[in-house]
Number of protein chains: 2
Amino acid sequence: MFMANNRIKVGLVGFGTVGTGVAKLLLEDADAIEAKTGLRIELAAVVDIDTTSPRPVKLPAGLLTDDLNKLLNDDSIQIGVELVGGTGVAKDIQLKLLKAGKNVVTANKALLADSGSELYAAARAANRCIAFEASCAGGIPIVSAIRTGLAANRIDAIYGILNGTCNYILSSMTGRDEDFPTALAQAQAKGYAEADPTLDINGADSAHKLAILAMLAFGYEIKLDDVSVEGIENISIDDVRYGREMDYVLKLLAIGQRDRAGRVALRVHPSFISPGSPLGRVDGPFNAVSILASAVGQTMYYGRGAGMMSTASAVVADIIEVAMGNSAKLFNSLQIQPRDEIEPLIDSIDNLVSRFYIRLMAKDQPGVLACHSKILGDHNISISGALQREGSGPGNTVPVVITTHPTKQKNMSDALAELSRLDNVGAEPVCIRIVDIPEDTLDD
Amino acid sequence: MFMANNRIKVGLVGFGTVGTGVAKLLLEDADAIEAKTGLRIELAAVVDIDTTSPRPVKLPAGLLTDDLNKLLNDDSIQIGVELVGGTGVAKDIQLKLLKAGKNVVTANKALLADSGSELYAAARAANRCIAFEASCAGGIPIVSAIRTGLAANRIDAIYGILNGTCNYILSSMTGRDEDFPTALAQAQAKGYAEADPTLDINGADSAHKLAILAMLAFGYEIKLDDVSVEGIENISIDDVRYGREMDYVLKLLAIGQRDRAGRVALRVHPSFISPGSPLGRVDGPFNAVSILASAVGQTMYYGRGAGMMSTASAVVADIIEVAMGNSAKLFNSLQIQPRDEIEPLIDSIDNLVSRFYIRLMAKDQPGVLACHSKILGDHNISISGALQREGSGPGNTVPVVITTHPTKQKNMSDALAELSRLDNVGAEPVCIRIVDIPEDTLDD
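Residues numbered from 1 in each chain as written. Chains lettered and ligands numbered in written order. Predicted model: local features only at pLDDT ≥ 70, side-chain atom pairs only at ≥ 80, totals over all residues.

**Student:** Which parts of the structure should I look at to understand the interface of chain B and chain A?
**Tutor:** How large an interface is tends to be reported as the accessible area lost when its parts come together. The interface is formed by 51 residues belonging to chain B together with 51 residues belonging to chain A. Elements represented by at least two residues in the side of chain B that touches chain A include exactly α2 (30–37), α6 (142–149), β12 (297–304), α12 (308–324) and α13 (326–333) of chain B. Considering each element in turn, the side of chain B that touches chain A owes the most residues, 10 residues, to α12 of chain B. Its residues assigned to classes, the side of chain B that touches chain A comprises 24 nonpolar, 19 polar and 8 charged. As paired elements, strand β12 (residues 297–304) of chain A and β12 of chain B share 3 bridges and run antiparallel to each other. Residue pairing for β12 of chain B: Tyr302 of chain A is matched across the bridge by Met300 of chain B. (Contact = placed C-beta atoms within 7 Å. Helix = DSSP H or I, 4+ residues; strand = E, 2+ residues; numbered from the N terminus. Nonpolar A, V, L, I, M, F, W, Y, C, P; charged D, E, K, R; others polar. Pairing = 2+ DSSP bridges.)

Below, the structure written as structure tokens:
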């Protein structure tokens, strides 16, 4: 249908940062894209409720409108790009685009994580497709890597740094010894964090992306509720420092694992990892995804996870793939097992086996470390390292830092509850998981 | 044509290491691939002149044959996989496969670098496609990343560690302070180097891969002769050590660059780079490709570049893409400008502007460093750092290590020629390029 005519008309809905970038690429690089792909992609409509604010791209006259129906009713437009964001009106827009016979390209991770199944079903019913490379890790072609590059593999695990705001903040804390508020303010000043950074720093944004990647990697319908989430908003510079002393760097990791029994564990949390590991070396606003797969072993994908032009690059890549008809084939071949099959396989975070870093503010009294060690031992937790500095914190307390051998989350939660009830512990204990990303040990 | 029938028959030609891996994946993972893609891929024939040696995969009876015609004459086989390697009989096999109406999947970088244009033309004439993801960087989906993921970008530069053998050897020299022969022997013992490692260590294998990637990235027909090549066979542990002291690690880089005027520079050579850069951290047998692109900035792709199962993973990914019909569309849309357009744009290595590391074994006499500095200055070469240790080498010489600011290759070659004619220089000077991989400074 598409290749017979090499002219493809595209309509954008949402003319914010990414929409501006997409318009820029489509207007300025149409010749280059045609030289490379043989396709003439034409921006035919841009819809936004705000038609007056200046944007750093000059649209041809008559293109910008606040009337979605203009786009919907133009049968010559084959592709609708939803860049409104959020889970409210954006869903309605995607459904309308599909119903009007448009294929949909979107960067909306929140909506796909929330209502993906409903939207995919609507697309199938309309015999159209939804392409969403731009929804995960911005300009890094990670969706395509999982869907096609690794198609011959069973994917066993995904470890992702999926939020550039968090990685920028944590890198600043680690590298420049800034505390969280300073690092966040700096990220906002540099444009790496929104004025309201909540969805980034509380881990929700990473969870949205993980839910989408896990659906592709594991082949099941995944719900946001399946992902256990902790953010970085309570991370203290003290713990970044102690971790560094013990040769760890702190990253907000999104982790999806499937074990041999088929159980799937999905979680987003601050993680101490080795600074020498490939993900440990990813600094600043960059994203990276490391994938362990059955045949190929470890592969990693690195780049900018956000920003006007990098996300726009992924959107336009999707437009090209839709225009070629490749997205439709991939979309149609996407086999997602229904949710009731996966539900009993979603592993509770209580069962997670992990190493842990804990910090207690202990009263400076004789026998305190012995007391804490005993409680950990009572819960079957074995200590792998400890650090107690001289000097004192608030209320005559000293920090006691302990790292553990692998143990169940449940054991740790119970031990922490008991520890926090002690008289000799001055504040709520801090607990951060230590993640040993498996080495690629394929010996082929 | 293909999707109407979800059964796809595949014939392999070449039953060596990678062929065995592909057979294994197709036989053992057929169900998993069908669950994921809806396609039933069936291994229908395996052709090899050696039908008796045991391989670590059990083929169904009757599949293995030494008669290529059995595969060619079986019209139910839609895809022929050429894994014979080399530029001789392999070319004949690919042409025969195309003529018999098969689509071709191949990992043969040497053949594509040598005769790609002829083969692509034959494929077009036969209305079939050639898919070659496995030819570059093994299991890393780099061909697809350039072709589709970055389709909306103008690619400005590729920096690749494309040969795992060389990277393993250089990593061992850097990390374990081994000399070249020891590191090579170790690589052979571990299976990371062939018994005859010539094509790996002399840079030819990297040049083959670079020629293919540059064709995709820059859109021109590239010949092997366009690539300036130096290998690692003459690298001395002394230079690895001095480089380390000056905070560089040594990598064999394959570099393709296009400047604003459209000039293309293609080269493979040992390169001192920053140990903190993403490529500087790629150790052991791993490959990585860093790409600078107009919209997305820097992206990097990391993984195993060779080995039975990782290369097989890329071959089977291509089989799936061909089976879906996606490869045909991509292949047909591939716009390669003819050679006469690129020829005047290929930049001579003489014009290369680079920083350099040079080591001279100088007679331990007064005024030697001044003499050398003067010669460099006479050729417009400005010194950025120098290192002269006490002690002596063979024939009362001392090593003088100098690093330079950016200068033209031509200036350096002329200066080296003059230096090597000096009485006070005891051996041929060593010269290694220092590559400052541009930082991604997009500020979006």
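More follows now that the structure is in view.
**Student:** Explanation requested: the domain arrangement of chain A in the structure shown.
**Tutor:** Residue and element names in this part refer to chain A. Looking at the assigned domains, one finds that chain A contains domain 1 (7–135), domain 2 (149–303) and domain 3 (350–434). Once you take the C-alpha centre of each, domain 2 and domain 3 turn out to be 25 Å apart. Contacts between domain 2 and domain 3 engage 13 residues on the former and 12 residues on the latter. Residue assignment for the side of domain 2 that touches domain 3 shows that the elements contributing at least two residues are α11 (237–245) and β10 (264–273). When the residues that make up the side of domain 2 that touches domain 3 are grouped by side-chain class, the tally is 6 nonpolar, 4 polar and 3 charged. (Domains from an automatic or database assignment.)

**Student:** Help me understand the packing of helix α15 (residues 368–378) of chain B against helix α16 (residues 409–420) of chain B in this model?
**Tutor:** The packing of two helices is summarised by the inter-axis angle and the distance between the axes. Residue and element names in this part refer to chain B. Running from N to C, α15 and α16 cross one another at 150°; their axes reach a closest spacing of 9 Å. Judged by the inter-axis angle, α15 sits roughly antiparallel to α16. Here α15 and α16 pass one another in a crossing that is right-handed. Only Ala415, Glu418 and Leu419 of α16 make contact with α15, whose side of the interface consists of His372, Ile375 and Leu376. Class assignment of the residues belonging to the contact of α15 with α16 gives a composition of 4 nonpolar, 1 polar and 1 charged. (Axes fitted to C-alpha atoms, helices over the stretch in contact; angles between N-to-C directions. Parallel < 35°, antiparallel > 145°, perpendicular 65-115°, else oblique. Left-handed = near helix turned anticlockwise from the far one by under 90°.)

**Student:** Just checking my understanding: could you explain the sheet that holds strand β3 (residues 64–65) of chain B for this structure?
**Tutor:** Across a sheet, strands are paired by hydrogen bonds formed along the backbone, either parallel or antiparallel in direction. Residues and elements named next belong to chain B. Taken together, the 6 strands give an open sheet; going across it, the order is β3-β2-β1-β4-β5-β6, and neighbouring strands pair in parallel fashion. Lying at the two open borders of the sheet, with one neighbouring strand each, are β3 and β6 (130–131). As defined by bridge partners, strand β1 (residues 7–13) adjoins strand β4 (residues 77–82) across 5 bridges and the pair is classed as parallel. What sits directly across from Gly11, in β4, is Gly80.

**Student:** Help me out: how do you make sense of the environment of Leu352 of chain B in this one?
**Tutor:** Of note, Leu352 of chain B is situated in the loop between α14 (339–342) and β13 (353–363). In this view, Leu352 of chain B contacts Ala265 and Gln409 of chain B; residues no more than four positions away in its chain are not counted.

**Student:** Mind showing me how you'd approach α12 of chain B here?
**Tutor:** One turn of the α-helix equals 3.6 residues, which is why residues spaced by three or four share an orientation. Residues and elements named next belong to chain B. For α12, spanning 17 residues, the distance from its first C-alpha to its last is 24 Å, which sits close to the expected 24 Å at 1.5 Å a residue. Counting buried residues along α12, 17 of its 17 residues qualify, which places the element largely inside the surrounding structure. Following α12 by one or two positions, Gly325 has its phi on the positive side, about 90°. (Expected span 1.5 Å × (residues − 1). Buried ≥ 20, exposed ≤ 12 C-beta atoms within 10 Å, placed from the backbone.)

**Student:** How do you make sense of the pairing of strand β5 (residues 103–106) of chain B when you look at a structure like this?
**Tutor:** Residues and elements named next belong to chain B. Of the two faces of β5, the one holding Asn103 and Val105 and the one holding Val104 and Thr106 are both buried throughout. Pairing analysis gives 4 bridges linking β4 to β5, with the strands arranged parallel. Considered in β5, the bridge of Glu82 is made with Thr106. In this view, the connection linking β4 to its parallel neighbour β5 by way of helix α4 (residues 89–99) has right-handed handedness. (Right-handed = clockwise from strand over helix to strand, strands pointing away.)

**Student:** Could you clarify how one ought to interpret the relation of the copies chain B and chain A in this entry?
**Tutor:** Mapping one chain copy onto the other needs a rotation about an axis and a shift along that axis. Mapping chain B onto chain A calls for a screw motion: a turn of 180° about the axis and a shift of 0.0 Å along it, with 0.0 Å RMSD after fitting. Both copies of the chain, as the preceding transformation shows, are related through a two-fold rotation axis. Looking at the rotation axis and the C-alpha trace of chain B, the residue lying nearest is Tyr301 of chain B, at 2.4 Å. A share of 100% of interface residues in chain B that are also interface residues in chain A marks the association as one of identical surfaces. (Least-squares fit on C-alpha atoms with pLDDT ≥ 70 in both.)

**Student:** Honestly, the packing of helix α1 (residues 17–28) of chain A against helix α12 (residues 308–324) of chain A in this entry has me stumped. Any pointers?
**Tutor:** Residues and elements named next belong to chain A. Running from N to C, α1 and α12 point in directions that differ by 60°, and their axes come no closer than 8 Å. Taken as axis vectors, α1 and α12 run oblique relative to one another. Classified by chirality, the crossing of α12 by α1 is right-handed. Mapping the contact onto sequence places Thr17, Val18, Thr20, Gly21, Val22, Lys24, Leu25 and Leu26 in α1 and Met308, Met309, Thr311, Ala312, Val315 and Val316 in α12. The residue makeup of the contact of α1 with α12, split by class, is 9 nonpolar, 4 polar and 1 charged.

**Student:** Can you help me understand unusual backbone geometry in this one?
**Tutor:** Residue and element names in this part refer to chain A. Although it is not a glycine, Asp177 adopts a positive phi angle of roughly 55°. Among the secondary structure elements, Asp177 is positioned in the loop between α7 (164–176) and α8 (180–189). Under the C-beta neighbour-count criterion, Asp177 is labelled partly exposed, with 13 such atoms within 10 Å.

**Student:** Looking at this model, I keep getting lost on the environment of His208 of chain A. Mind explaining?
**Tutor:** Residues and elements named next belong to chain A. Assignment of secondary structure puts His208 in helix α10 (residues 204–218). Along the primary structure His208 and Leu111 are separated by 97 residues, whereas in three dimensions their C-alpha atoms are 8.5 Å apart. Setting aside chain neighbours within four positions, we find His208 in contact with Lys109, Ala110 and Ala113.

**Student:** Would you explain the sheet that holds strand β6 (residues 130–131) of chain A in this entry?
**Tutor:** Residue and element names in this part refer to chain A. Pairing is parallel in the open sheet, where 6 strands are placed in the order β3-β2-β1-β4-β5-β6. Whereas interior strands pair on both sides, the edge strands pair on one side only; in this sheet they are β3 (64–65) and β6. Where strand β2 (residues 40–47) lies against β3, 2 bridges are found, and the strand directions are parallel. Residue pairing across strands places Val47 opposite Thr65, the latter belonging to β3. Against the sheet, helix α4 (residues 89–99) contacts β1 (7–13), β4 (77–82) and β5 (103–106), and its axis sits at roughly 170° relative to β4.

**Student:** Please explain the confidence of the model for chain A as it appears in this structure.
**Tutor:** Confidence in the prediction of chain A, expressed as mean pLDDT, is 93, and 97% of residues score 70 or more. Scored as a whole, the predicted complex attains pTM 0.94, and scored at its interfaces, ipTM 0.93. (pLDDT = per-residue confidence, 0-100.)

**Student:** I'm lost on the pairing of β10 of chain A in this one. Help?
**Tutor:** Along any regular strand the residues' side chains alternate between the sheet's two faces. Residues and elements named next belong to chain A. The element β10 is extensively covered by neighbouring structure, given that 9 of its 10 residues are classed as buried. Pairing between strand β8 (residues 228–229) and β10: 2 bridges, direction parallel. The residue of β10 that forms the bridge with Val229 is Val268. Where strand β9 (residues 249–258) and β10 come together, 10 bridges link them in antiparallel fashion. In the sheet register, Leu253 faces β10, and the bridge partner there is His269. Here β9 hands over to β10 after 5 residues, with Gly262 in that stretch at a positive phi of 90°. Direction of pairing for β10 relative to strand β17 (residues 430–434): parallel, over a ladder of 2 bridges. Pairing of Phe272 across the sheet is with Ile434, part of β17.

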